[in-house]
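Listed here are the chains, written in short residue letters.
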Amino acid sequence: MIKSFLKRFYLVLILILLYAPILTLIVLSFNNSKTRSKWGGFTGKWYVSLFQNKEIMNALFTTLAIALLSAAIATLIGTIAAIGISAMGKRTRTVMMGVTNIPMLNADIVTGISLMLLFIAIRFSLGFTTILLAHITFNIPYVILSVMPKLKQTSKSTYEAALDLGASPLQAFLKVVIPDIYPGITSGFLLAFTMSLDDFIITHFTKGPGVDTLSTKIYSEVRKGIKPEMYALSTLLFLSVLILLFLVNMSPPETERKKKTHPVKRILVGRVAPALLGILVLVGGVYYSTSSNVAGKEQVIVYNWGEYMDPEVLTLFEEETGIQVVYEEFETNEIMYPKIQSGAIAYDVVCPSDYMIERMIENDLLAELNYDNIPNIKNIGDTYMEQSKQFDAENLYSIPYCWGTVGILYNKSMVTEEVDSWSILWDEKYQDNILMQNSVRDAFGITLKYLGYSLNSTDRDELYEATDLLIEQKPLVQAYVIDQVRDKMIGNEAALGVIYSGEAIYTQSENPDLEYVIPKEGSNVWIDSWVVPKNAKNKENAEAFINFLCRADIAKMNFDYITYSTPNEAARDLIEDEAIRNSKVAFPDAKDLENCETFKFLGDKNDALYNELWREVKSH
């Protein structure tokens, strides 16, 4: 009795652990409130909003197109391969099946990185085609695995009898062998389709700019902060995969008698599912082909930080110039740099930070700008052009886009003491209420300034001291984040957070209990600027895009949207709200910046040391 109870309890516990998170996700997708902490009533508006999002719809079409194409091609290749393997000798067949199984046993991240490196090595630009090839590659073994058992069940004598009756080898194959292995082919196709639909890791490493599947789109959106639409999208993706897995695991009928006793299965698998998929792809294709307002082939490929430009600006640029914008986002400079360095993707315009621009110049990755194509540079203040010379000595490669500081955002209802020092980030009473930046230079810069050193220190003793202090702090940290610090602080999920000044302005407008301060030990004054990589294919379009962004009204639009300080003095003059125009957070006084520094590129050797020490911090 007790043994039976324990078995049932264990089963229920496993089911709860597996499905409770998914159930929570589904419930939140119908929550009328944007916050996860309270129920605002039942609503379906997030699903409506989801299907009104053009980027999501494009991702949906891309997902279905890649899944269908890769599954179809993999099924064809896998079926032919399975037939070939089955005809081999026993020993050779065993070896080939072992080789075939390796990709399925291999970690997805290894497969993804290996394929990416292969595409880079053969100078194959990452994009839709590379995703498709990658998906075909990892789908083929699953098809072989599905078809092989059916081939073993096939009687060779039936095939030979068909030949004896006058059928050609092709006729015998099509009329005898294919019907026998058809259930395996169908299962292989559905399994390949399901695997492709659900894949993230391999797609992440093999995709190019402007190409997203549902999984990569969800990931990119969640990095900025979880929106209710993402709950809806994740729910639909889960249900789609669940239905497909159900179809895959339905035992296909093998005799005419069984077909008659299982009409629902036959209709679902043979007609309804393919029809629905066909309709979805057709609708998605029509939507995708008509979603762009640009008829020509002119384009500019932009690589920018997440949530760092008003989407309306991109629309206006396309309408005014006829140049299509292919837009992709990155999370940190360290994520962006390897993509530019590899040359696998030819971005036209990129927005790195000061020290990374210096590194890119040093490694000959940037093209000189033609200022004749950028007359609106006159709107950029001389002060910011002069500051840019710290990392771009002659202003040949970069034009400032935004600038600001790094400081502490704290909740006045949760922190009653005065906040004027980085030391509060090591105060044990705020354990699990501290948000740190998930950026190696920012994390070390904060710690080095707290210790009284330069944030550009290359002294090993100072760096080891900073490492020890970060390790000491780690048990107090709720999370290492980038964009998510904004939403967490607005939602009162933490008391203290390291944040960029532009994000602080937005959070204060959403939550009046939040206050921003530049600690007395000093901090980082940063400048993000537009640059053009040397391998850009549309350099003139890139310069036209930069010139458009330097226009006063456009720069003002971006400031209103992202709330980061603008170096565009003409745009600042257009700010109607005097409190914002003279904000000490957006435009601090010189005395507030006395102990602040700009990040420098410290050389590849020191950069590697920083990364090694950061990995040590994160591994504890």
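Residues numbered from 1 in each chain as written. Predicted model: local features only at pLDDT ≥ 70, side-chain atom pairs only at ≥ 80, totals over all residues. Heavy atoms only, no water.

Points about the overall build of the protein
Okay, so step 1: For the protein, the count of helices and strands is 26 helices and nine strands.
Okay, so step 2: Across the 620 residues in the protein, those meeting the buried criterion constitute 50%. (Helix = DSSP H or I, 4+ residues; strand = E, 2+ residues; numbered from the N terminus. Buried < 20%, exposed > 50% of the residue type's maximum accessible area, 1.4 Å probe, protein only.)

Quick word on a negative patch on the surface
Okay, so step 1: Where like charges cluster on the molecular surface, the negative patch consists of E428, D459, D461, E465, D468, E472, E612 and E616.
Okay, so step 2: Considering every element that reaches the negative patch, the biggest residue donor is helix α19 (residues 460-473), with four residues.
Okay, so step 3: If you trace the backbone, D468 turns up in helix α19. (Patch = residues over 30% accessible without salt bridge, like charges linked within 9 Å, V, L, I, M, F, W, Y side chains within 5 Å. Areas by Shrake-Rupley, 256 points an atom, 1.4 Å probe, with all protein chains shown as cover. Salt bridge = Lys/Arg side-chain N within 4 Å of Asp/Glu carboxyl O. Lys, Arg positive; Asp, Glu negative; His and termini not counted. Charge placed at Lys NZ, Arg CZ, Asp CG, Glu CD.)

Quick look at helix α6 (residues 128-153)
Think of an α-helix as turning once every 3.6 residues; residues three or four places apart then point the same way.
Okay, so step 1: Compared with an ideal rise of 1.5 Å per residue, which puts 26 residues at 38 Å, α6 spans 38 Å between its outermost C-alpha atoms and is within 8% of the ideal.
Okay, so step 2: At N139, α6 shows its strongest bend, of approximately 30°, with the proline P141 following within four residues. (Expected span 1.5 Å × (residues − 1). Bend = angle between axes of the 7 residues up to and from the residue.)

Comments concerning helix α1 (residues 2-28)
Okay, so step 1: Compared with the 39 Å implied by 1.5 Å per residue over 27 residues, the 37 Å span of α1 between its first and last C-alpha is a close match.
Okay, so step 2: Bending of α1 peaks at approximately 40° at the position of Y19, with proline P21 no more than four residues after it.

Re the side chain of D354
Okay, so step 1: As for its placement among the helices and strands, D354 is situated in helix α16 (residues 354-362).
Okay, so step 2: Buried charge without a salt bridge: D354, with R441 as the nearest opposite-charge side chain at an N-O distance of 7.5 Å.
Okay, so step 3: Excluding residues that lie within four positions of it along the chain, D354 makes contacts with F391, V525, W526, I527, T598 and F599. (Contact = heavy atoms within 4.5 Å.)

Some remarks on the sheet that holds strand β3 (residues 349-350)
Okay, so step 1: Within the open sheet, the three strands sit side by side as β2-β1-β3. Their pairing is parallel. The open sheet terminates on both sides in strands that have one partner only, identified here as β2 (324-330) and β3.
Okay, so step 2: Sheet topology places strand β1 (residues 299-305) next to β3; two bridges connect them, and they run parallel. Within β3, the residue paired with V302 across the bridge is V349.
Okay, so step 3: On the sheet, helix α15 (residues 333-342) packs against β1, β2 and β3 and is oriented at approximately 145° with respect to β1. (Pairing = 2+ DSSP bridges. Axes fitted to C-alpha atoms, helices over the stretch in contact; angles between N-to-C directions.)

Considerations on the nonpolar core
Okay, so step 1: Counting 123 residues, the largest nonpolar core has L425, M436, L496, W530 and F545 as the members making the most contacts within it.
Okay, so step 2: It is strand β4 (residues 399-411) that provides the largest number of residues to this core, a total of eight residues.
Okay, so step 3: Residues in contact with L425, not counting those within four places in the same chain, are I408, I434, M436, I446, Q473, L476, L496 and V498.
Okay, so step 4: Counting residues in hydrophobic clusters, the runner-up holds 34 residues, among them W46, V147, L214 and V241. (Core = buried A, V, L, I, M, F, W, Y, C linked by side-chain atoms within 4.5 Å.)

Examining the packing of aromatic side chains
Okay, so step 1: Following the criterion strictly, the structure yields 22 aromatic pairs and no others.
Okay, so step 2: Geometrically, the ring pair formed by F30 and F42 is stacked, given 5.1 Å between the ring centres and 10° between the ring planes. Taken together, the residues span a long stretch of sequence, with F30 in the loop between α1 and α2 (45-51) and F42 in the loop between α1 and α2 at a distance of twelve residues.
Okay, so step 3: Between Y500 and W526 the ring centres are 6.0 Å apart and the planes differ by 75°, which places this aromatic pair in the edge-to-face class. In this pair, Y500 sits in strand β7 (residues 496-500) while W526 sits in strand β9 (residues 525-530), placing the two residues 26 residues apart along the sequence. Considered together, Y500 and W526 belong to a single accessibility category, that of buried residues. (Phe/Tyr/Trp six-rings, centres within 6.5 Å; stacked < 30°, edge-to-face > 60°.)

Examining the confidence of the model for the protein
Okay, so step 1: Mean pLDDT over the protein stands at 85; residues scoring 70 or higher make up 89%.
Okay, so step 2: Note on residues 254-261: pLDDT under 50 across the span, and four contacts to partners over four residues away in sequence or across chains. (pLDDT = per-residue confidence, 0-100.)

Quick look at the pattern of salt bridges
Okay, so step 1: In the structure shown here, the tally under the stated rule is 19 salt bridges.
Okay, so step 2: When the shortest N-O distance is used, the salt bridge between E597 and K449 registers 3.0 Å. Linking E597 in the loop between α25 (578-581) and α26 (604-619) with K449 in helix α18 (residues 440-450), this pair joins segments that are 148 residues apart in sequence.

Re the pairing of β1
Okay, so step 1: The element β1 is largely enclosed, with a buried count of six among its seven residues.
Okay, so step 2: Strand direction decides the pairing type here: β1 and β2, joined by seven bridges, are parallel. Paired with N304 across the two strands is E329, which belongs to β2.
Okay, so step 3: The parallel pair β1 and β2, bridged by helix α14 (residues 311-321), forms a crossover whose chirality is right-handed. (Right-handed = clockwise from strand over helix to strand, strands pointing away.)

Considerations on the environment of L496
Okay, so step 1: Locating L496 in the fold gives a position in strand β7.
Okay, so step 2: Of the residues examined, L496 reaches a relative accessible area of 0% and is grouped as buried.
Okay, so step 3: Leaving out residues up to four positions away in the same chain, L496 has contacts with I408, L409, Y410, V415, I424, L425, Y430, N433, I434, L435 and M489.

So, the environment of A162
Okay, so step 1: Relative to the helices and strands, A162 resides in helix α7 (residues 156-164).
Okay, so step 2: Leaving out residues up to four positions away in the same chain, A162 has contacts with A167, A172 and V176.

Details of the packing of α6 against helix α8 (residues 169-198)
Okay, so step 1: Contact pair α6 / α8: the axes reach a minimum separation of 8 Å and the direction vectors enclose 150°. With respect to α8, the element α6 is oriented roughly antiparallel. Along this stretch, α6 crosses α8, giving a crossing that reads as right-handed. The segment α6 lies against α8, with H135, F138, N139, Y142, V143, S146, V147, K150 and L151 engaging V177, D180, I181, P183, G184, I185, S187, G188, L191, A192, M195 and S196.
Okay, so step 2: Taken together, the residues that form the contact of α6 with α8 break down as twelve nonpolar, seven polar and two charged. (Parallel < 35°, antiparallel > 145°, perpendicular 65-115°, else oblique. Left-handed = near helix turned anticlockwise from the far one by under 90°. Nonpolar A, V, L, I, M, F, W, Y, C, P; charged D, E, K, R; others polar.)

A short note on the pairing of β7
Okay, so step 1: Across the five residues of β7, five count as buried, placing the element largely inside the fold.
Okay, so step 2: Neither face of β7 is exposed, since L496, V498 and Y500 on one face and G497 and I499 on the opposite face are all buried.
Okay, so step 3: Two elements, strand β5 (residues 434-437) and β7, share two bridges in a ladder whose sense is parallel. If you follow I434 over to β7, its bridge partner there is L496.

Let's talk about the state of the cysteines
Okay, so step 1: Across all of its chains, the model carries zero disulfides by this definition.
Okay, so step 2: The structure places no disulfide on C351, whose sulfur is separated from the nearest cysteine sulfur, that of C402, by 6.8 Å.
Okay, so step 3: Since its relative accessible area comes to 0%, C351 is described here as buried. (Disulfide = S-S within 2.5 Å.)

What about the side chain of E543?
Okay, so step 1: With respect to the element layout, E543 can be found in helix α22 (residues 539-549).
Okay, so step 2: Contacts of E543, omitting those with residues within four sequence positions, involve E368, L369, N370, N373 and I374.

Quick look at unusual backbone geometry
Okay, so step 1: For E307, which is not glycine, the phi torsion reads 55° and is therefore positive.
Okay, so step 2: The topology assignment puts E307 in the loop between β1 and α14.
Okay, so step 3: On the basis of relative accessibility, which here comes to 16%, the residue E307 falls in the buried class.

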